[in-house]
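Residue-level structure breakdown
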Amino acid sequence: MYAQMVKSTGNQVKNLEEMEPDERAFQTRINADIKIEAKDWMPDGYRRTLIRQISQHAHSEIVGQLPESNWIKRAPTLERKAILLAKVQDEAGHGLYLYCAAETLGISRDEMTEQLLAGKAKYSSIFNYPTLSWADMGAIGWLVDGAAIMNQVPLQYCSFGPYARAMVRICKEESFHQRQGFDIMMKLVGGTKAQKDMAQDALNRWWWPALMMFGPPDASSVHSAQSFAWNIKQNSNDELRQKFVDQTVPQAQHLGLEIPDADLVWNEDKGSYDYGAVDWDEFFAVLSGNGPCNAERLQARQKAWDDGAWFREGLTANAQKRAKL
Ligand code: FAQ
């Protein structure tokens, strides 16, 4: 898969003989599956790639709270409210572990937030879609957390120690999130016709954006080849997308819901599903800021940043005062 990736993107990765001694020693450690720790020597590109990916991941966890927090006050029962509240708080925790992992690479949380607000850092495309009904809480848990787990389980085994370790707990919690989402869907499909229709409508709206979460098709994934070589990524975007489709279709069948894809068909020879064309124009439009909720999400982050200024200043002043003592 790695050779295929290098070929398709044209992004060449150096082999050991072409490397300087430091870089060769570093790559040899990676090839031997030895973890890289924050104080170890690392190529600038490795550091930059990790800061980019981990900070984007952290921003996704934080921005990802917004579509769901929209429903906390409107949850149908006290129990559902408590579960959703716990889930949204978990996402804040994930953001925190990830910002801390990125900070070990020499960037501050303030800098990462400033990059997000200036449009220099991304967050996952999925969080630019609106949550229109309670069924969306089910669809997000089932599909979005389901896709997140599929992508994040391999990250527990990535080469950078602080990132890999942060992912262990995150994956455990994402698993609870996925189950609670599926449970909401189960309840809805077992309810009235209107409730089942709500569940189907949520699946219709979240299916394709969930497939986009895995990133662009392999042929246009600019970072994959190098990230494979550095053992930051272990599976390609298309590989994980396929695994997600294969895992989720039987779940939809169990729910009695229809995946909104007329081209979805089991391929006996491949032992997996063929699925229809993803609308990559929509994906790239969302990435460039033109999704349904991009402006709203960034405004919310900007407001939280501005509202927290007095607190950050207080903390810094306190730290400066203590340093002088
Ligand atoms: N959205 O060359 P590649 C969650 C960008 S957490 C936005 O393939 P790479 C939990 C990519 O950054 C969800 N941008 O890139 C939750 C790059 O642009 P750049 C987040 C995307 O890094 C659930 C360009 O496209 N998870 O859901 C997306 O090798 C419920 C080219 O792409 C992570 O961040 C996208 N979907 O592979 C929370 C996991 N896809 O940076 C609340 C860690 C690609 O050059 C509620 N990240 N791009 O400007 C990864 O595994 C990887 O970064 C990929 C992308 C697979 C996302």
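Residues numbered from 1 in each chain as written. Predicted model: local features only at pLDDT ≥ 70, side-chain atom pairs only at ≥ 80, totals over all residues. Heavy atoms only, no water.

A short note on the layout of surface pockets
To find the voids left in a structure, one rolls a probe of water-molecule size over its atoms. Roughly 300 Å³ of volume is contained in the second largest pocket. Lining the second largest pocket are 14 residues; nearest its centre among them are Ile62, Tyr99, Arg109, Arg301 and Ala304. Broken down by secondary-structure element, the contributors of at least two residues to the lining of the second largest pocket are helix 4 (65-69), helix 5 (78-103), helix 6 (109-117) and helix 13 (294-307). For the lining of the second largest pocket, the per-class residue count stands at seven nonpolar, three polar and four charged. (1 Å grid on protein atoms, 1.4 Å probe; cavity = no way out; pocket = protein on both sides within 12 Å on 5 of 7 lines; lining within 4 Å. Points joined across faces, edges and corners; volume = space filled by probe spheres on them. Helix = DSSP H or I, 4+ residues; strand = E, 2+ residues; numbered from the N terminus. Nonpolar A, V, L, I, M, F, W, Y, C, P; charged D, E, K, R; others polar.)

So, the side chain of aspartate 90
Checked against the element boundaries, aspartate 90 lands in helix 5. Buried aspartate 90, no salt bridge; nearest opposite-charge side chain is arginine 169, N-O distance 6.6 Å. Not counting residues up to four positions away in its chain, the partners in contact with aspartate 90 are Glu173, Phe176 and His177. (Buried < 20%, exposed > 50% of the residue type's maximum accessible area, 1.4 Å probe, protein only. Lys, Arg positive; Asp, Glu negative; His and termini not counted. Salt bridge = Lys/Arg side-chain N within 4 Å of Asp/Glu carboxyl O. Contact = heavy atoms within 4.5 Å.)

Points about the packing of helix 8 (residues 161-189) against helix 9 (residues 193-212)
The geometry of a pair of packed helices is captured by two quantities: the angle between their axes and the separation between those axes. Running from N to C, helix 8 and helix 9 cross one another at 140 degrees; their axes reach a closest spacing of 7 Å. With respect to each other, helix 8 and helix 9 are oriented oblique. Where helix 8 approaches helix 9, its residues Met185, Leu188 and Val189 are matched on the opposing element by Gln195, Lys196 and Ala199. Here the residues of the contact of helix 8 with helix 9 are counted per class, giving four nonpolar, one polar and one charged. (Axes fitted to C-alpha atoms, helices over the stretch in contact; angles between N-to-C directions. Parallel < 35°, antiparallel > 145°, perpendicular 65-115°, else oblique.)

Notes on the packing of aromatic side chains
In this structure the tally under the stated criterion is 12 aromatic pairs. Residues phenylalanine 26 and tryptophan 41 carry aromatic rings whose centres are separated by 6.1 Å and whose planes lie at 80 degrees to one another, so their mutual orientation is edge-to-face. With a gap of 15 residues between them, phenylalanine 26 in helix 2 (residues 21-31) and tryptophan 41 in the loop between helix 2 and helix 3 (44-63) connect regions that are remote in the sequence. Overall, the relative accessible area of 3% leaves phenylalanine 26 in the buried class. Taking the relative accessible area as the measure of exposure, tryptophan 41 reaches 45% and is therefore partly exposed. Note on phenylalanine 26 and tyrosine 46: the rings are 4.9 Å apart at their centroids and 75 degrees apart in plane angle, and the pair reads as edge-to-face. Of this pair, phenylalanine 26 sits in helix 2 while tyrosine 46 sits in helix 3; the two residues are 20 residues apart in sequence, bridging distant segments of the chain. (Phe/Tyr/Trp six-rings, centres within 6.5 Å; stacked < 30°, edge-to-face > 60°.)

In short, the description is geometric, and any link to function would need to be established separately.
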